[in-house]
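Results of the structural survey
Chain by chain, the residues:
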Amino acid sequence: MGRAPLHDWALTPGQAIALQRQLATRVEHRDRLDPVSHIAGVDIGFEEQGTITRAAVVVLAWPPEDPSSGPTLVERVVHREPTRWPYIPGLLSFREVPAALEAFARLTIRPQLVMVDGQGIAHPRRLGVASHLGLWLDLPTIGVAKSRLCGRHHEVGPERGDWTPLVDGDESLGVVLRSRAGVKPIYVSPGHRLGIESAREWVVRCLGRTKLPEPTRLADRLASRRGPL
């Protein structure tokens, strides 16, 4: 899954912010999606008091053979490397994407869609980790976040599937989705090569019995080493 490098990683925080603004203009906000036979989930964890980055990627076959049991896990990769960047709010993709790219390079199955634990365009400079990764991979990506980074929204309805727009001024950034009744909603924003409606629809299709869609739920477990997949 190798491609020509998008940019160098040896940047100061100021240079990284300038690069985010530049790269955000290259993000595609309309659907450009091939027929989907495999969906990847990505999550990043840290070990050794944050000195080691652990990138987890899972690949699920789509559509599920048995809708009642969800999509089948067909590949998983974990990559560890020394953490390259400190924790700086708004610049997390520079801390997380390098390890994710190394994990993707080890996949034998190329997915057509990627769900990322983190933000897509719902970011102050419109380049969250899902958008940044999508540009590197040239794949459609969706950010699925557990909390809000920017924007505002009205209260979400109580039932599974209820949603409300996430906006910043007159700009639509994504949706706030009630993925499970009785739990806090998730924040869904397109990363690259998808529109907001398609991003929401794909996340809803991939919901299982828990709060997170299956691709990021399984990646989260793998990245955090919380039990078997």
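Conventions used here
Residues numbered from 1 in each chain as written. Predicted model: local features only at pLDDT ≥ 70, side-chain atom pairs only at ≥ 80, totals over all residues. Heavy atoms only, no water. Pairing = 2+ DSSP bridges. Helix = DSSP H or I, 4+ residues; strand = E, 2+ residues; numbered from the N terminus. Axes fitted to C-alpha atoms, helices over the stretch in contact; angles between N-to-C directions. UniProt positions renumbered as here; feature names shortened; annotations may be inferred. Buried < 20%, exposed > 50% of the residue type's maximum accessible area, 1.4 Å probe, protein only. Contact = heavy atoms within 4.5 Å. 1 Å grid on protein atoms, 1.4 Å probe; cavity = no way out; pocket = protein on both sides within 12 Å on 5 of 7 lines; lining within 4 Å.

Examining the sheet that holds strand β7 (residues 171–177)
Neighbouring strands of a sheet are bound in pairs by backbone hydrogen bonds; such pairs are parallel or else antiparallel. In spatial order, the strands read β3-β2-β1-β4-β5-β8-β7-β6; together these eight strands make up an open sheet with mixed pairing. Either end of the sheet is taken by a strand with one partner, and the two such strands are β3 (73–82) and β6 (163–168). Recorded for the sheet is a direction-independent mean angle of 25° between the axes of neighbouring strands. Strand direction decides the pairing type here: strand β1 (residues 38–47) and strand β2 (residues 52–61), joined by ten bridges, are antiparallel. Considered in β2, the bridge of Gly-41 is made with Val-58.

Brief notes about the UniProt feature "site: Interaction with target DNA" (unreviewed entry) in the chain
UniProt feature "site: Interaction with target DNA" (unreviewed entry): in the numbering of this structure it lies at Tyr-87. Within the secondary structure layout, Tyr-87 lies in the loop between β3 and α2 (92–105). Assessed through its relative accessible area of 58%, Tyr-87 is described here as exposed. Residues within four places of Tyr-87 in sequence aside, it is in contact with Leu-92 and Arg-95.

A closer look at helix α4 (residues 196–205)
Within the sequence span of α4, burial applies to Ser-198, Ala-199, Arg-200, Trp-202 and Val-203. Summarising the contacts, the buried residues of α4 are in contact with β1, β4 (113–117), β5 (141–145), β6, β7 and β8 (186–192).

As for the UniProt feature "binding site: Mg(2+)" (unreviewed entry) in the chain
On the UniProt side, "binding site: Mg(2+)" (unreviewed entry) is annotated at positions that read Asp-43 and Asp-117 here. These annotated residues cover 75 residues of sequence, and their C-alpha atoms lie no more than 5.3 Å from one another, placing them together at a single site. Among the residues just listed, Asp-43 and Asp-117 line the largest pocket. In this fold, Asp-43 is placed in strand β1. A relative accessible area of 7% places Asp-43 in the buried class. As for its position among the elements, Asp-117 is in strand β4. A residue is classified by how much of its surface remains accessible, and Asp-117, at 16% relative accessible area, is buried. Those residues within four positions of Asp-117 in sequence are excluded, and the remaining contacts are Val-42, Asp-43, Val-129, Val-144, Lys-146, Thr-216 and Asp-220.

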